[in-house]
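Coordinates in review
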Amino acid sequence: MLDRATRLLQAMVDVLSSSGWLAPALATMELSQMCVQALWDRDSVLLQLPHITKEIAAKCAAAETLALTLTLTLALSLTLTLNP
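Starting from 1, residues in each chain are numbered consecutively following that chain's sequence as written. With pLDDT at 70 or above as the cut-off, local features in this predicted model cover only qualifying residues; side-chain atom pairs require 80 or more to be listed or tallied, and sums for whole chains, interfaces and linings still use all residues. For the side-chain quantities, the full set of heavy atoms in the structure was used; hydrogens and water were omitted.

1. Notes on the side chain of Ser32
You can see Ser32 is positioned in helix α2 (residues 22-37). Owing to a relative accessible area of 13%, Ser32 belongs among the buried residues under this scheme. Not counting the four nearest positions on each side in its chain, Ser32 is found in contact with Thr6 and Leu9. Per the convention used, a helix needs a DSSP run of H or I reaching at least four residues, while a strand needs a run of E reaching at least two, with both numbered from the N terminus. Whether a residue is buried, partly exposed or exposed follows from its accessible area with a 1.4 Å probe, protein chains only, as a fraction of its type maximum: under 20%, in between, or over 50%, in that order. Throughout, a contact is declared for two residues whenever any of their heavy atoms are within 4.5 Å.

Okay, structure coming up:
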């Protein structure tokens, strides 16, 4: 079913963009991306990584700097990998 949805959304993008409707075409592209990634646009992009849960992503989002976020993500990921 999801494969058909992706093809339908791509066809919608083609029709909308050829008709010159930029905003609906961009919204359809975003919806297609959400279907492929199985994430809503409000979800953390970190949820695409293996072993990252919503709780871990929330902790990373609360971090003050990108370096700290990446370090925390790597440490938590290694911890989960080594201690399943």
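Text resumes after the structure shown.
2. Digging into the nonpolar core
Counting residues in hydrophobic clusters, the biggest one holds five residues: Leu46, Ile52, Ile56, Ala57 and Cys60. Contact partners of Ala57, with chain neighbours within four places excluded, come to Ser44, Leu46, Leu47 and Ile52. Nonpolar cores were defined as sets of buried Ala, Val, Leu, Ile, Met, Phe, Trp, Tyr and Cys residues, with membership established by side-chain atoms within 4.5 Å.

3. Description of the environment of Arg7
Secondary-structure assignment places Arg7 in helix α1 (residues 2-18). Each C-alpha atom, one on Arg7 and one on Ala58, is 33 Å from the other, the two residues being 51 residues apart in sequence.

4. Let's talk about α1
Between the first and last C-alpha of α1 there are 24 Å, a value that for 17 residues agrees with the 24 Å anticipated at 1.5 Å per step. Residues of α1 that are buried: Leu9, Val13 and Leu16. The buried residues of α1 occupy an angular sector of 75° when projected down its axis, which confines them to one face. Of the residues in α1, the exposed ones pointing more than 90 degrees away from the buried face are Arg4, Arg7, Leu8, Val15 and Ser18. Where α1 is buried, its residues touch α2. Positioned one or two residues after α1, Gly20 has a phi angle of 85°, which is positive. For a helix, the expected span equals 1.5 Å multiplied by the residue count minus one. The directions considered for the arc run from the helix axis to the C-beta atoms.

On their own, these measurements won't tell you what the molecule is for.
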